[in-house]
Amino acid sequence: MFGRFGGAGPDGTAAVFERWGFVPGRRLVLLAGAAELTGAASIAAGLLTPGGCAVVVGTMTVAAAATAPSGFWAQQGGCEVPFWYGAVAAVLAFTGPGAWSLDHAAGLDGLDGYGWGTGALALGLATAAVPLTFRSRVLRARDADHDEVT
């Protein structure tokens, strides 16, 4: 998100987002980065865990869909990493964060199980549908423009 640890930063990542069909790239990079940080912080702290899991599931579903055309394996640019991050978040939504979490410290031990896990998974997938729908429109328009030129 900030270009640290070898990342491209918002501007460099925006170019990749736009190539993938996420327009406007820079705004969506900042939104995706904020969502990833929020979800990861929620999961790491074990605070309102099903909500954080839903955010990560949604964000990683979008990332996996964008990288899936390159195959599964990460070393080939595929969707392996976002798939596994999303899967782990989904599992945590079902199992809960454990005894060392802020949820436990705040007496929110009931935020786990089938209902919360299913809800987090459904919410994450439903929210992923929004950017994926817009992306699909952009990619179809590009294909139509390309067909007209050729």
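Look up a bit, the structure's there.
Predicted model, so just to flag it, every value in this text is computed and none were measured. (Residues numbered from 1 in each chain as written. Predicted model: local features only at pLDDT ≥ 70, side-chain atom pairs only at ≥ 80, totals over all residues. Heavy atoms only, no water.)

**Let's talk about the packing of helix H2 (residues 25-45) against helix H3 (residues 49-67)**
It is at 8 Å that the axes of H2 and H3 come closest, and there the two elements cross at 145 degrees. Judged by the twist between their axes, the crossing of H2 over H3 is left-handed. Where H2 abuts H3, its residues Ala32, Ala35, Glu36, Gly39, Ala40, Ser42 and Ile43 lie against Thr49, Gly52, Cys53, Val55, Val56, Thr59 and Met60. Class assignment for the residues of the contact of H2 with H3 results in 8 nonpolar, 5 polar and 1 charged. (Axes fitted to C-alpha atoms, helices over the stretch in contact; angles between N-to-C directions. Helix = DSSP H or I, 4+ residues; strand = E, 2+ residues; numbered from the N terminus. Left-handed = near helix turned anticlockwise from the far one by under 90°. Contact = heavy atoms within 4.5 Å. Nonpolar A, V, L, I, M, F, W, Y, C, P; charged D, E, K, R; others polar.)

**Side note on a negative patch on the surface**
Together, Asp143, Asp145, Asp147 and Glu148 give the surface a local cluster of negative charge. Of the residues examined, Asp147 reaches a relative accessible area of 53% and is grouped as exposed. (Patch = residues over 30% accessible without salt bridge, like charges linked within 9 Å, V, L, I, M, F, W, Y side chains within 5 Å. Areas by Shrake-Rupley, 256 points an atom, 1.4 Å probe, with all protein chains shown as cover. Salt bridge = Lys/Arg side-chain N within 4 Å of Asp/Glu carboxyl O. Lys, Arg positive; Asp, Glu negative; His and termini not counted. Charge placed at Lys NZ, Arg CZ, Asp CG, Glu CD. Buried < 20%, exposed > 50% of the residue type's maximum accessible area, 1.4 Å probe, protein only.)

**Structural notes on the environment of Ala106**
Within the secondary structure layout, Ala106 lies in the loop between helix H5 (102-105) and helix H6 (114-149). In this structure Ala106 comes out as exposed when scored by relative accessible area, which is 52%. As for Ala106 and Leu47, which are separated by 59 residues in sequence, their C-alpha atoms are 8.8 Å apart.

**Observations regarding the environment of Pro131**
Topologically, Pro131 is positioned in helix H6. Note on Pro131: relative accessible area 29%, which makes it partly exposed. Counting along the chain gives 102 residues from Pro131 to Val29, while the straight-line C-alpha distance between them is 12 Å. Discounting chain neighbours no more than four positions away, the residues touching Pro131 are Phe22 and Val62.

**Some details on the nonpolar core**
Grouped together as the largest cluster of nonpolar side chains are 9 residues: Cys53, Ala54, Val56, Val57, Met60, Ala89, Ala90, Ala93 and Ala120. Among the secondary structure elements, those contributing two or more residues to this core are H3 and helix H4 (80-95). With 5 residues, the top contributor of residues to this core is H3. Residues contacting Ala89, with those up to four places away along its chain left out, are Ile43, Cys53, Val56 and Val57. (Core = buried A, V, L, I, M, F, W, Y, C linked by side-chain atoms within 4.5 Å.)

**Side note on the packing of helix H1 (residues 9-20) against H2**
Axis separation between H1 and H2 bottoms out at 8 Å; the angle between their running directions is 110 degrees. In this view, H1 runs roughly perpendicular relative to H2, as classed from their interaxial angle. Across from Pro10, Asp11, Thr13, Ala14, Phe17 and Glu18 in H1, the residues of H2 making contact are Gly25, Arg26, Leu28, Val29, Leu30 and Ala32. Residue composition of the contact of H1 with H2, grouped by class: 7 nonpolar, 2 polar and 3 charged. (Parallel < 35°, antiparallel > 145°, perpendicular 65-115°, else oblique.)

**Section: the packing of aromatic side chains**
Following the criterion strictly, the structure yields 6 aromatic pairs and no others. For the pair Phe72 and Trp73, a centre-to-centre distance of 5.0 Å together with 80 degrees between the ring planes defines the contact as edge-to-face. A relative accessible area of 29% means that Phe72 is categorised as partly exposed. Relative to Phe83, the ring of Phe72 lies with its centre 5.7 Å away and its plane at 70 degrees, an arrangement referred to as edge-to-face. Highlighted residues: Phe72 in the loop between H3 and H4 and Phe83 in helix H4, separated in sequence by 11 residues. Residue classification places Phe83 among the partly exposed positions, given a relative accessible area of 41%. (Phe/Tyr/Trp six-rings, centres within 6.5 Å; stacked < 30°, edge-to-face > 60°.)

**Topic: the layout of surface pockets**
Roughly 1,400 Å³ of internal volume is contained in the largest pocket. Lining the largest pocket we find 48 residues, and of these Phe17, Ala32, Gly33, Glu36 and Thr59 sit closest to its centre. Those elements that place two or more of their residues in the lining of the largest pocket are H1, H2, H3, H4 and H6. Looking at side-chain class alone, the lining of the largest pocket contains 32 nonpolar, 13 polar and 3 charged residues. (1 Å grid on protein atoms, 1.4 Å probe; cavity = no way out; pocket = protein on both sides within 12 Å on 5 of 7 lines; lining within 4 Å. Points joined across faces, edges and corners; volume = space filled by probe spheres on them.)

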